[in-house]
Each structure stands twice: as C-alpha cells, then as structure tokens.
Amino acid sequence: MKLINIGFGNLISEERLVAVISPDSAPVKRMIQETRERGMLIDATYGRKTASVFVMDSDHVVLSALPPERFGGRAENAEERERI
C-alpha cells in the first residue's frame, strides 16, 4: 500500500485515490458541500485555505492546503518506479 503525504502529517492511500482537483469551480464547491452534509468530508487543512480536493473511491472527499500540482509529480514518479 502506497501512501501520499497531503500535508501536516496526513496520509491517504494512493490506491483509493480517484482524482486530485482544484476547489475553485462551482461544481467542486457544490460537491464539497454535499459531501459535508452527508458526513463524508475529511478536512485536513488545519484551518488554512483549501488548495486541493481529493476524491476517494469510498465516496469520501479530503481537503488539503497543499496545491494539486504537488501531487501530480508524486503519482507520475510512483508509476515510473513500478516500471523499473
């Protein structure tokens, strides 16, 4: 099981991750609100501004204060390591 550091000592499973998206658009903001109302939202921002949103296969949504660009390279590097 590979874990991705999403900031402030929080980790998520790379295998359960569906998407990493920016929180700026209206549909993403609606998704966050709906997930919060259902009790499936995990806020890992520690009170900072949300910079990235992780959609998990378990229907959970995880908020992080680190920008999504920080995670794209990590996933690509993991795929590259698996090929070797």
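Whatever comes next refers back to the structure up there.
An account of the accompanying structure is given in this report. Residue positions are given per chain, counted from 1 along the sequence in the order it is written. Local features in this predicted model are restricted to residues whose pLDDT is 70 or higher, and side-chain atom pairs enter the listing and the counts only when it is 80 or higher, whereas totals over whole chains, interfaces and linings include all residues. The basis for the side-chain values is all heavy atoms of the structure; hydrogens and waters are excluded.

With respect to the pattern of salt bridges
Within this document, salt bridges are pairs made up of a side-chain nitrogen of Lys or Arg and a carboxyl oxygen of Asp or Glu, the two lying within 4 Å of each other. Evaluated as defined, the whole model comprises 2 salt bridges. Of the charged contacts in the structure, one is a salt bridge between Arg16 and Asp57, with a shortest N-O distance of 2.6 Å. Of this pair, Arg16 sits in the loop between β2 (10–13) and β3 (17–21) while Asp57 sits in the loop between β5 (52–56) and β6 (61–64), and the two are 41 residues apart along the sequence. To sort residues, take the accessible area from a 1.4 Å probe on protein chains only and compare it with the maximum for the residue type: under 20% means buried, over 50% means exposed, and anything in between is partly exposed. On the basis of relative accessibility, which here comes to 46%, the residue Asp57 falls in the partly exposed class. Here a strand is any run of E in DSSP of at least two residues, a helix any run of H or I of at least four, and the numbering for each starts at the N terminus.

Some points on helix α1 (residues 26–38)
When the terminal C-alpha atoms of α1 are compared, their 18 Å separation across 13 residues agrees well with the 18 Å that a helix rising 1.5 Å per residue should span. Within α1, burial applies to Val28, Ile32 and Thr35. The buried side chains of α1 occupy one side of the element, clustering within an arc of 70 degrees when seen end-on. Exposed and facing more than 90 degrees away from the buried side of α1 are Lys29 and Glu37. Whether two residues touch is decided by their heavy atoms; if any such pair falls within 4.5 Å, the residues are in contact. Turning to α1, the residues buried within the fold contact β3, β4 (41–44), β5 and β6. Gly39 sits one or two positions beyond α1 and adopts a positive phi of about 80 degrees. To estimate how far a helix should extend, the number of its residues minus one is multiplied by 1.5 Å. The arc in question is formed by the directions pointing from the helix axis toward the C-beta atoms.

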